[in-house]
Amino acid sequence: MAPAVRLLTLFSGAEKRRLIGVAVLIFLGGLLEVGAAGLLVPYFLLLQNPNIIQEDPRVATLYDALEMSSPTNFIVLVSAVLLLYFVMKNAYLSRLAFLQAKFVAEKQCSLTKRLFSAYMRAPYAFHLKHNSAELQNTSVLQAFSGIPKLMSAGLVMLAELLVLIMLSTLLLIVRPL
């Protein structure tokens, strides 16, 4: 059995649904990251050449719709909107990081409980052969060792992989080969 499939056997149905929810939130975070990258190039072009306001029909339409009095005011407004976008994106990504850490911590707690419960249900002969303090220590160490670290790394890798795929797609749309 593949390691990822074996890892999924450790999750209950509710935990799998929460994992899917976290994955969807990671996908949305990736979209926000790509949006940020996509907004920077036009913004820097606007800063570099304010005449683009009259040259590009899309920018000119926006400029006219906002009834701006000068290109400088338009650039200040675009800068403020971009700043607001980045603040909101980073707030979302901070909350997402918190939710990921909470998910992993709750899974650690769940694993500890399951291991300890399994030790407690073990036959009496098992407890005669093993030190109870050692069993408890083992249950805590197992739950806090590799699996949660693997889960954290996996969630980060998923997020970075999605951003990479989305950025590559954006580049191929903007500049096809």
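Residues numbered from 1 in each chain as written. Predicted model: local features only at pLDDT ≥ 70, side-chain atom pairs only at ≥ 80, totals over all residues. Heavy atoms only, no water.

> An account of the overall build of the protein chain is requested, with residue identities and associated values reported.
Helix and strand counts for the protein chain come out as eight helices and zero strands. Ordered by position in the sequence, the α and β elements of the protein chain form the string α-α-α-α-α-α-α-α. Counting only C-alpha atoms and orienting by the principal axes, one finds that the protein chain spans roughly 85 × 35 × 25 Å. Relative to its 177 residues, the protein chain shows a buried fraction of 23%. Taking contacts inside the protein chain between residues at least 6 apart in sequence as the whole, the part at least 24 apart equals 72%. Carbon and sulfur atoms make up 70% of the accessible area of the protein chain, which totals about 12,100 Å². Averaged over its 15 positive side-chain charges, the protein chain has a centre that lies 21 Å from the centre of its 9 negative ones. (Helix = DSSP H or I, 4+ residues; strand = E, 2+ residues; numbered from the N terminus. Buried < 20%, exposed > 50% of the residue type's maximum accessible area, 1.4 Å probe, protein only. Contact = heavy atoms within 4.5 Å. Areas by Shrake-Rupley, 256 points an atom, 1.4 Å probe, with all protein chains shown as cover. Lys, Arg positive; Asp, Glu negative; His and termini not counted. Charge placed at Lys NZ, Arg CZ, Asp CG, Glu CD.)

> Just give me the short version of the packing of aromatic side chains, but keep the residues and values in it.
Overall, the coordinates contain three aromatic pairs when judged by the stated rule. Taking 5.7 Å as the distance between ring centres and 55° as the angle between the ring planes, the aromatic pair formed by Y43 and F44 counts as tilted. According to the relative accessible area criterion, Y43 is buried, its value standing at 14%. For F44, a relative accessible area of 48% gives the class partly exposed. (Phe/Tyr/Trp six-rings, centres within 6.5 Å; stacked < 30°, edge-to-face > 60°.)

> Any details on the packing of helix α2 (residues 13-48) against helix α5 (residues 71-120)? Residues and values, ideally.
Interaxial distance between α2 and α5 falls to 10 Å at its minimum, and their mutual angle equals 160°. Classified by the angle between their axes, α2 and α5 sit roughly antiparallel to one another. Seen from above, α2 lies across α5 with left-handed handedness. Considered class by class, the residues forming the contact of α2 with α5 number 24 nonpolar, five polar and six charged. (Axes fitted to C-alpha atoms, helices over the stretch in contact; angles between N-to-C directions. Parallel < 35°, antiparallel > 145°, perpendicular 65-115°, else oblique. Left-handed = near helix turned anticlockwise from the far one by under 90°. Nonpolar A, V, L, I, M, F, W, Y, C, P; charged D, E, K, R; others polar.)

> Give a description of the nonpolar core that names residues and reports values.
Formed by F11, V22, I26, V34, L96, F103, V104, M151, L155, A159, L162 and M166, the largest nonpolar core amounts to 12 residues. Going through the elements one at a time, α2, α5 and α8 (146-174) are the ones with two or more residues in this core. Ranked by residues supplied to this core, first place goes to α8 with five residues. With residues near it in sequence (within four places) discarded, V104 still touches P148, M151, S152 and L155. Counting residues in hydrophobic clusters, the runner-up holds six residues, among them I53, Y63, M68 and F74. (Core = buried A, V, L, I, M, F, W, Y, C linked by side-chain atoms within 4.5 Å.)

> Describe a nonpolar patch on the surface, with residues and values.
Judged by side-chain polarity, I20, V24, F27, L28 and L31 come together as a nonpolar surface patch covering roughly 440 Å² of accessible area. Mapping L31 onto the fold places it in helix α2. L31 gets classed as partly exposed once you look at its relative accessible area, which sits at 41%. (Patch = residues over 30% accessible without salt bridge, like charges linked within 9 Å, V, L, I, M, F, W, Y side chains within 5 Å. Salt bridge = Lys/Arg side-chain N within 4 Å of Asp/Glu carboxyl O.)

Note that every value here comes from positions in space, so none of it alone points to a role or purpose.
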